[in-house]
Amino acid sequence: MILEFNLENKKEYLFQTDNFRFNNGQTLASVTIGITSFGYPKFDADGQITNAILLLHGTSGSADSWFVPSLTQFLFTSNNPLNQKDYFFIVPDSLGHGRSSKPSDKFGMNFPHYGYLDMVHLVKLAICKTFPITCLFAVIGTSMGGMHTWLMALEFKRFIRKAVAIACMPYEISGRNLLWRKIITSTMDAVVTECANDTVVIDSVFKNIWPLFSVMTDSATHLQRIAPNREKSLLHHTQLINNSSTLNAVDMMYRLSASFDYNPEPHIEKLDIPFLMINFKDDLLTPLEVMNIQELLKRNSNLTINIIDPDNNFSFGHQNLSQGKIWGTLVDQFIR
């Protein structure tokens, strides 16, 4: 639920491009990208915006993911790190999410199978066609948005001054992170294949398998705190099932599968801007034991890695990405 929050100078846009060609060769006659902006732009002598910060959301969200109270009250309000008076924020709905084009619009499984590279190219195209921008002051992304931040920093030279990736790693999706995705997508793929016209069955299977996402993205300590016995655990399971009602099964299949072309690791040496990576010690999806921090730092001096060990009050695993209180100051200090 989004708490009412005053986004100063808030505006909504729908960017549209025709005959977009995806990296796999598929095309779409028209692609729409939804964009929200807020804050106040500053311009140079050539009329270009100089203080734009691009905010990129995660797999299960949209631009609205940035407007939850645990972020807004610790980031964007007065006297907080990312003050709306200082920056102009651009928050797109990535392809397949929010107001942007997605399978559930009318396409179903006929929608092109897009990857992360398609998504970041569309974001860049959309913001450059919508705003007078030749260089972003910063990009800040969480989870999938953090992976997109890695791709943008490597793909679009001289377009970004500084970048921050939160709750992600610069490695190909594999191991546990790939396996839980595959469990969901292969299950749903089998159901859609067998019951393509039976939306009741498809929705029923999806809502019963989707709680796996919440279990993977939460921390063991938080789950134990809110579900300390059998009764409360089963009640929480029911709540997770109910939460899935706002999601579309086919949209989620596409979103979880889109990471197939993500692997910035071989190109770490090419990173040529200051880049901050923030991870959480209790995050199942980005386990520190599979990340060679010292090797990454040795390979590129532009990279800074900060590992946060949340106390019990802020031990939400992967979902610490929504706790601006524990990482907002780090980001502020870095981008200034």
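The shown structure was predicted, so the numbers you read here are calculated from the model rather than taken from an experiment.

Undergrad: Describe the overall build of the protein, listing the residues and the values that go with them.
TA: Helix and strand counts for the protein come out as eleven helices and eight strands. By the compact-globule yardstick of 20 Å for 336 residues, the protein fits well, its C-alpha radius of gyration being 20 Å. Its C-alpha atoms give the protein principal-axis dimensions of about 60 × 50 × 45 Å. By residue count, 54% of the 336 residues in the protein fall in the buried class. For the protein, restricting intrachain contacts to residue pairs at least 6 apart in sequence, the fraction spanning at least 24 positions comes to 78%. Accessible surface computed for the protein: about 15,200 Å², of which carbon and sulfur atoms make up 51%.

Undergrad: Would you mind going over the packing of helix H2 (residues 116–130) against helix H3 (residues 144–155) in detail, with residue names and values included?
TA: The axes of two packed helices give the description: the angle between them and the distance between them. Viewed as axis vectors pointing N to C, H2 and H3 meet at an angle of 70 degrees, and their least axial separation amounts to 10 Å. Comparing their axes, H3 and H2 come out roughly perpendicular. Here Tyr116, Leu117, Met119, Val120, His121 and Val123 of H2 come into contact with H3, specifically with Met144, Met147, His148, Leu151, Met152 and Glu155. When the residues that make up the contact of H2 with H3 are grouped by side-chain class, the tally is nine nonpolar, two polar and one charged.

Undergrad: I'd love a proper account of the pattern of salt bridges, names of residues and values included.
TA: It is possible for side chains of opposite charge to pair when their charged atoms get near one another. Scanning the entire structure with this criterion turns up eleven salt bridges. A salt bridge links Glu8 to Lys85; its shortest N-O distance comes to 3.0 Å. Here Lys85 lies in the loop between helix H1 (69–75) and strand S4 (88–92) and Glu8 lies in the segment before strand S1 (11–21), a separation of 77 residues in the sequence.

Thresholds, definitions, all that
Residues numbered from 1 in each chain as written. Predicted model: local features only at pLDDT ≥ 70, side-chain atom pairs only at ≥ 80, totals over all residues. Heavy atoms only, no water. Helix = DSSP H or I, 4+ residues; strand = E, 2+ residues; numbered from the N terminus. Rg over C-alpha atoms; globule rule 2.2 N^0.38 Å. Buried < 20%, exposed > 50% of the residue type's maximum accessible area, 1.4 Å probe, protein only. Contact = heavy atoms within 4.5 Å. Areas by Shrake-Rupley, 256 points an atom, 1.4 Å probe, with all protein chains shown as cover. Axes fitted to C-alpha atoms, helices over the stretch in contact; angles between N-to-C directions. Parallel < 35°, antiparallel > 145°, perpendicular 65-115°, else oblique. Nonpolar A, V, L, I, M, F, W, Y, C, P; charged D, E, K, R; others polar. Salt bridge = Lys/Arg side-chain N within 4 Å of Asp/Glu carboxyl O.

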